[in-house]
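Results of the structural survey
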Amino acid sequence: MKAILRAGFSLAAALLCACSVYPTVDEAKDEFKSTFKKMPVDRVEKSELPGLYEVYSGGKLFYFAPEQKLMLFGEMYTTAGQSLTQAKIGEYITQRTLNIPQDVGVTVGDGPVEVTGFLDPDCGHCAQAHDWLEKRDYSGVKLRVVFMPLQPGSMSYARAQQFVCSPPELRREALREVYSHEDPAPGRHFLTCPGGAAQLAKEAELAKDLGIEGTPTFVAKGQTVLGFNRERLEALLSTTSSTN
């Protein structure tokens with residue numbers, strides 16, 4: 001698949017190089033809006049290929065060739081195997097998360113390193129990330145948990161609502177139960193509260209607005225980690241801890 005995408009971008013580059021004058025970013029943005037009228041646009045930037053522009057929309061990144069009026073989907077890789085596209089998406093998500101309202105998400109831990117985690121109770125890698133943070137005893141970390149959209153009435157929703165309704169001293173235990181996937185004891189019901197459903201709705205809306213689809217996604221100190229990349233998270237948190 002990567003070879004196909006590279007071939008596609010190589011073909012695009014060959015087409016684009018036939019042009020001697022490239023549109024400005026504003027011209028490319030205007031051309032995109034007039035060509036794809038129903039597609040919302042957050043911003044447009046130049047890409048690494050002359051004449052090919054990055055279009056950011058709803059948390060996604062794709063490419064636009066204004067001279068040919070073509071939209072391209074895929075990833076751009078360096079010779080070292082690094083996905084420039086994923087790196088740009090991470091930067092894009094990070095910038096958009098800088099202004100997350102303080103009343104969205106519920107925190108666990110009280111360390112100086114603030115980490116926002118977009119999580120799903122049924123995500124296996126999220127459970128692994130949770131176990132890892134538990135073993136670290138949330139050392140130096142203040143994790144803001146933002147749940148992805150959940151189905152009301154499901155067990156996952158009930159566990160998530162119990163977490164957001166739990167008092168601070170019980171949140172770690174409540175988060176353990178989110179990922180335990182064990183049925184409650186007979187006669188016991190999950191905790192609810194008047195603002196629980198509203199909190200989960202705000203979290204789901206935020207994840208949707210940011211265009212976050214993959215879980216877990218972590219944001220800390222201006223960097224985004226897509227997936228449970230333990231080595232990168234460890235390095236990031238250690239580096240961040242040493243600068244606080």
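Just above, that's the structure.
Numbers given to residues run from 1 along each chain, matching the order in which its sequence is written. Residue-level local features of this predicted model are given only where pLDDT is at least 70; pairs of side-chain atoms are given and counted only at 80 or more, and the full residue set underlies all totals for whole chains, interfaces and linings. Here the side-chain values reflect all heavy atoms present in the structure, with hydrogen atoms and water set aside.

1. Considering the sheet that holds strand S1 (residues 43–46)
So the rule is basically this: Only when DSSP finds a minimum of two bridges between them are two strands counted as paired. For helices the rule is a DSSP run of H or I covering at least 4 residues; for strands it is a run of E covering at least 2, with both sets numbered from the N terminus onward. In this description, a line fitted to the C-alpha atoms serves as the axis of each element, helices being fitted only across the stretch in contact, and the angle between N-to-C directions of two axes falls anywhere from 0 to 180 degrees. Throughout, a contact is declared for two residues whenever any of their heavy atoms are within 4.5 Å.
Pairing is antiparallel in the open sheet, where 4 strands are placed in the order S1-S2-S3-S4. This sheet does not close on itself; its edge strands, each paired only once, are S1 and strand S4 (70–72). Going from strand to strand, the sheet's axes swing by 30° on average, the running direction of each strand aside. The sheet contact formed by strand S3 (residues 60–65) and S4 spans 3 bridges and is antiparallel. When the sheet's bridge partners are listed, Ala 65 is paired in S4 with Leu 70. Relative to S3, helix H3 (residues 84–97) is tilted by about 120°, and along the sheet it contacts S1, strand S2 (53–57) and S3.

2. Some points on the packing of helix H5 (residues 155–165) against helix H7 (residues 196–210)
Just so we agree on the cut-off: An angle counts as roughly parallel when it lies under 35 degrees, as roughly antiparallel when it exceeds 145, as roughly perpendicular when it falls between 65 and 115, and as oblique in every other case. In this classification, Asp, Glu, Lys and Arg are treated as charged, Ala, Val, Leu, Ile, Met, Phe, Trp, Tyr, Cys and Pro as nonpolar, and every other residue, Gly included, as polar.
It is at 9 Å that the axes of H5 and H7 come closest, and there the two elements cross at 105°. By the angle between their axes, H5 is roughly perpendicular relative to H7. Only Gly 196, Ala 197, Gln 199, Leu 200 and Glu 203 of H7 make contact with H5, whose side of the interface consists of Tyr 157, Ala 160, Gln 161, Val 164 and Cys 165. Looking at the contact of H5 with H7, its residues break down into 6 nonpolar, 3 polar and 1 charged.

3. So, the state of the cysteines
Here is the idea: a disulfide is a covalent bond, and it sits between the sulfur atoms of two cysteines. The condition is simple: Only a pair of cysteine sulfur atoms within 2.5 Å counts as a disulfide in this structure description. Only protein chains enter the area calculation, which uses a 1.4 Å probe; residues under 20% of their type maximum are buried, those over 50% are exposed, and those in between are partly exposed.
Tallied over the entire structure, the rule returns 1 disulfide. The disulfide that involves Cys 165 links it to Cys 193, with 2.1 Å between the sulfurs. Taking the sign of the S-S torsion, about -75° here, the bridge from Cys 165 to Cys 193 comes out left-handed. Taken together, the residues span a long stretch of sequence, with Cys 165 in helix H5 and Cys 193 in the loop between helix H6 (171–180) and H7 at a distance of 28 residues. What makes Cys 193 partly exposed here is its relative accessible area of 27%.

4. Concerning the packing of H5 against H6
One can describe the packing of H5 onto H6 by two numbers: an axis separation of 8 Å at closest approach and a directional angle of 170°. One finds that H5 runs roughly antiparallel with respect to H6. Across the interface between the two elements, Arg 159, Ala 160, Gln 162 and Phe 163 from H5 touch Arg 171, Ala 174, Leu 175, Glu 177, Val 178 and Ser 180 from H6. Each residue belonging to the contact of H5 with H6 can be placed in one class, and the counts come to 5 nonpolar, 2 polar and 3 charged.

5. Side note on the nonpolar core
We count it as follows: What makes a nonpolar core is a set of buried Ala, Val, Leu, Ile, Met, Phe, Trp, Tyr and Cys residues whose side-chain atoms join them at distances within 4.5 Å.
Residues Val 115, Leu 143, Phe 147, Phe 163, Leu 175, Tyr 179 and Phe 218 are the most contacted members of the largest nonpolar core, which totals 34 residues. Looking at this core, the elements that each hand over two or more residues are strand S5 (106–108), strand S6 (113–119), helix H4 (124–135), strand S7 (141–147), H5, H6, strand S8 (217–220) and helix H8 (230–242). Setting aside residues no more than four positions away along its own chain, Phe 163 makes contact with Val 106, Val 108, Val 145, Phe 147, Arg 171, Ala 174, Leu 175 and Val 178.

6. Section: the packing of aromatic side chains
Note the cut-off: Each pair of aromatic rings taken from Phe, Tyr and Trp, with Trp reduced to its six-membered ring, is defined by centres within 6.5 Å and is described as stacked if the planes are under 30 degrees apart, edge-to-face if over 60, and tilted in the remaining cases. Geometrically, a lysine NZ or arginine CZ counts as sitting over a ring once it is within 6 Å of the ring centre and also within 35 degrees of the ring normal.
Scanning the entire structure with this criterion turns up 8 aromatic pairs. With a centroid separation of 5.4 Å and 35° between ring planes, the pair formed by Phe 62 and Phe 73 is classed as tilted. Remark: Phe 73 occurs in the loop between S4 and H3 and Phe 62 occurs in strand S3; sequence separation between them is 11 residues. Cation over ring: Arg 43 sits above Tyr 56, and NZ or CZ is 4.1 Å from the ring centre.

7. Regarding the pattern of salt bridges
Basically, it comes down to this: The term salt bridge refers to a pairing of a side-chain nitrogen on Lys or Arg with a carboxyl oxygen on Asp or Glu at a separation within 4 Å.
As enumerated under the stated definition, the model contains 11 salt bridges in all. The residue Lys 69 makes a salt bridge to Glu 31 at a minimum N-O spacing of 2.1 Å. Highlighted residues: Lys 69 in the loop between S3 and S4 and Glu 31 in helix H2 (residues 25–35), separated in sequence by 38 residues. Residues Asp 103 and Lys 202 are paired through a salt bridge, measuring 3.1 Å at the closest nitrogen-oxygen approach. Taken together, the residues span a long stretch of sequence, with Asp 103 in the loop between H3 and S5 and Lys 202 in helix H7 at a distance of 99 residues. Relative accessible area serves as the criterion here: at 44%, Asp 103 is assigned to the partly exposed category. Accessibility expressed as a relative area gives 33% for Lys 202, which makes it partly exposed. Here the salt bridges share partners, and the residues they tie into one network are Glu 134, Asp 137, Arg 172, Glu 173 and Arg 176.

Keep in mind these values describe shape, not function.
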